[in-house]
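Structural features, examined
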Amino acid sequence: MKQEIKVPAVGESITEATIGSWTKKSGDFVKRNEVLMLLETDKASVEVVAENDGVLTINPGCEAGAVVQIGATVATLDTDAKPAAGAAAPAAETAKAAAPASAPAGAAALPAAAGKDASAHLSPAVNRIVNEKGLDPSAIQGTGKDGRLTKGDVLDAQPAAKAAAPAPAAKAAPATVTPVASGPSKQGDKKLVPMTTIRKRISEKLKEAQNTAALLTTFNEVDMGKVMELRSKYKDKFKEKYGVNLGFNGFFVKAVVEALKDFPAVNAWINGTDIEYHNYYNIGIAVSTEKGLMVPNVKDADTLSLAGIELAIRDLAAKGRDGKITPNDLGGGTFSITNGGVFGSLLSTPILNFPQSAILGLHKIQDRPMAINGKVEIRPMMYLALTYDHRIIDGKEAVSFLVKIKELVEDPERLLLEV
C-alpha cells in the first residue's frame, strides 16, 4: 500500500515551509517513528516521522531547500515493501556493529551517525560547515542525540592532513624582488544564498515593528552586587536541589512580572483601535540559534518559583539549540527580554517583538566607579534598556517601569518575598 507523506499543519497562520533536509533518501527502508525530514517554517523547525515501516520514495521537486505548501504530498511510503537483502541494518544494530571485533585495544567505536552514510544525518548547518572545511563526517566523534554530529563537533574538527609534497631544494634568496603584476580584482567574488524561511520571517517582523510602532528607548542602570552575592552564596545548593544553574535571567523575569502588574499597559498592545490588556504573563526569552534569533515564552511566569523559571529557560534554550522549538513555544508572549550581555554588549536599543509593546534589553555586567553615600566605590553595574511603543505607553510609565525593575533587582530579598 502506498502511503502519502504530507507537510503537516504546524500553526494557524503558516501556509508554507522549507524542506531543510532529508535524513533518508529514495529507496531507503525506514522504520516506524524514524525521522524522515526536517521542515523549516517561519516560526520553528519541525521533524516529520514515518507512521509505518516501508520503502521511501521522495517526489520530484521536493528535495532539500524546496518550498512546499502545507498539506502538499512530498513523498510516499510503500508499506508492503520489505528491506532489500543486504540493506543497512537499523540504527541500533549499526551502532553495535560500528566497532569491529578485531579493533585494536583502545580504539573508539564510531557513533551510529558515523560511517559511510553519516552525511545523510547532518543538519543543514552542520552539513554546510562540513563542506566548507572539507571534513570527513565519518571520522568525527558525534556528541549529539544517537551519536549525531553537532555544530560544535564539526567546528572543533580539523580536515584530514593531505600528503605533503616533496620540499623543493633550497635556493638562495635573490638579491632583488621583482614585482608581480596584480591579478584581476576580487571585488566580483561573491555568492548569493537564499534566505531561510525563518530568516525571512524574522526580517519581516522586525521591519513591521519599525514601520508600525512609535519606537522609543529609555535607559537605566542596576547595581548587580546583591544578586551576585546571593547567587554566589546559594548556587551550589540550588544546583544540587533543582538540577539547574542559578542564573540572572530568573531574577529579571520575576522583577518584570512584578513591574508588569504595576504597569499593565506595558503588558498590553494595540489591536485595531482598541488596547488589548492581558491578565497573564508569558515572558519571551530571546534565544540565539543556528537558524537565527527566536523568542520562546516562559508561560504563566507569575505562577512559577525562581527555580521553575530557571528550569523553563534551560529547557527552551536546549530546544532552541537542538532545533526543537515549536510554534506553541513561540506563541502567546506578552513581553520579551533579550540579553546582549552574554555576547559582550554594553548597551543597545532592542527592537520590539511585534505586536508586543515593550522589550527589555539586558547587557554586560561591568565594574564601574559609583558614588555611594558620598564615597566612590567600584560596583558591578549593568545598563538596562526598555524599548517601547509610545502609541500606548507614555514616557512616565516606561521610566517608572524600568525604575521598578532596578529597585527589585537591587533588593532581591524584597523581590523573592514579592513585597
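Our structure is the block above this text.
Note that the structure is predicted; figures quoted are calculated from it, not measured. (Residues numbered from 1 in each chain as written. Predicted model: local features only at pLDDT ≥ 70, side-chain atom pairs only at ≥ 80, totals over all residues. Heavy atoms only, no water.)

Notes on the overall build of the protein
- Across its full length, the protein carries 10 helices and 19 strands.
- For the protein, buried positions account for 39% of its 419 residues.
- Within the protein, contacts between residues separated by at least 24 positions form 63% of all contacts whose residues are at least 6 apart in sequence.
- Put simply, the protein shows about 23,800 Å² of open surface, and 54% of that area lies on carbon and sulfur atoms. (Helix = DSSP H or I, 4+ residues; strand = E, 2+ residues; numbered from the N terminus. Buried < 20%, exposed > 50% of the residue type's maximum accessible area, 1.4 Å probe, protein only. Contact = heavy atoms within 4.5 Å. Areas by Shrake-Rupley, 256 points an atom, 1.4 Å probe, with all protein chains shown as cover.)

Side note on the packing of helix H6 (residues 249-262) against helix H7 (residues 306-321)
- The geometry of H6 relative to H7 is characterised by a closest axis approach of 9 Å and an angle of 115 degrees between their N-to-C directions. Seen from above, H6 lies across H7 with right-handed handedness. Packed against H6, whose contacting residues are Asn249, Gly250, Phe251, Val253 and Lys254, the element H7 presents Leu306, Ile309, Glu310 and Ile313 at the interface.
- Considering only residue class, the contact of H6 with H7 consists of five nonpolar, two polar and two charged. (Axes fitted to C-alpha atoms, helices over the stretch in contact; angles between N-to-C directions. Left-handed = near helix turned anticlockwise from the far one by under 90°. Nonpolar A, V, L, I, M, F, W, Y, C, P; charged D, E, K, R; others polar.)

A closer look at the sheet that holds strand S7 (residues 67-69)
- Overall, antiparallel pairing links the four strands, which are arranged S5-S4-S2-S7 in an open sheet. Two strands in the sheet have a free side with no partner beyond their single neighbour: strand S5 (45-49) and S7. Ignoring strand direction, the axes of neighbouring strands in this sheet form an average angle of 40 degrees.
- Inspection of the sheet shows strand S4 (residues 35-40) paired to S5 by five bridges, in the antiparallel sense. By the bridge assignment, Leu39 is partnered in S5 with Val46. (Pairing = 2+ DSSP bridges.)

With respect to the packing of aromatic side chains
- What the rule picks out here adds up to three aromatic pairs.
- A centroid spacing of 4.9 Å and a plane angle of 50 degrees characterise the contact between Phe238 and Tyr242, whose relative ring orientation is tilted. Pair noted here: Phe238 and Tyr242 are both in helix H5 (residues 225-242), with a separation of four residues, about one helical turn.
- For the ring pair Phe263 and Phe401, a centre distance of 6.4 Å and an interplane angle of 80 degrees mean the geometry is edge-to-face. With Phe263 in the loop between H6 and strand S10 (269-271) and Phe401 in helix H9 (residues 395-410), this residue pair connects regions lying 138 residues apart in the sequence. Comparing Phe263 with Phe401, the two get one shared label, buried.
- A connected cluster of aromatic rings, assembled from ring pairs, spans Phe263, Phe335 and Phe401.
- A cation sits over an aromatic face here: Arg368 above Tyr383, 4.2 Å from the ring centre. (Phe/Tyr/Trp six-rings, centres within 6.5 Å; stacked < 30°, edge-to-face > 60°. Lys NZ or Arg CZ within 6 Å of the ring centre and 35° of its normal.)

A few points about the sheet that holds strand S6 (residues 54-58)
- If you trace the four strands from one edge of the open sheet to the other, you get S1-S8-S6-S3, paired in antiparallel fashion. Only two strands of the sheet have a single partner each, and these edge strands are strand S1 (2-6) and strand S3 (29-30).

Let's talk about the nonpolar core
- Core analysis: the largest hydrophobic core is formed by 47 residues, its most contacted members being Phe252, Ile283, Phe335, Leu360 and Ile405.
- Those elements that provide at least two residues to this core are H5, H6, strand S12 (283-285), H7, strand S16 (335-339), strand S17 (358-362), strand S19 (375-389) and H9.
- The biggest single contributor to this core is H6, with eight residues.
- With residues near it in sequence (within four places) discarded, Phe252 still touches Val222, Met224, Ile337, Leu360, Leu362, Met382, Leu384, Ile405 and Val409.
- The next biggest cluster of nonpolar side chains, apart from the first, holds 19 residues, and it includes Ala17, Ala50, Cys62 and Leu77. (Core = buried A, V, L, I, M, F, W, Y, C linked by side-chain atoms within 4.5 Å.)

A short note on the environment of Lys404
- If you trace the backbone, Lys404 turns up in helix H9.
- Considering only alpha carbons, one finds Lys404 and Val256, 148 residues apart in sequence, at a separation of 8.6 Å.
- A distance of 3.1 Å separates polar atoms of two side chains, one belonging to Lys404 and the other to Asp262. (Polar contact = N/O pair within 3.5 Å; in protein donor to acceptor, adjacent residues only side chain to side chain.)

A closer look at the environment of Arg321
- When you line up the elements, Arg321 lands in helix H7.
- Considering only alpha carbons, one finds Arg321 and Glu290, 31 residues apart in sequence, at a separation of 7.2 Å.

Section: unusual backbone geometry
- Residue Pro355 is bonded to the preceding Phe354 through a cis peptide linkage, with omega at 10 degrees.
- Counting through the fold element by element, Pro355 comes out in the loop between S16 and S17.
- With a phi angle near 75 degrees, Asn33 is a residue other than glycine that sits in the positive phi range.
- In this model, Asn373 sits at a positive phi of 50 degrees, which is unusual for a non-glycine residue.
- Along the chain, the position of Asn373 falls in the loop between strand S18 (366-372) and S19.

Observations concerning the side chain of Asp389
- Counting through the fold element by element, Asp389 comes out in strand S19.
- For Asp389, a relative accessible area of 3% gives the class buried.
- Leave out the neighbours within four places in its chain, and Asp389 touches Ala213, Ala214, Leu352 and Ser357.

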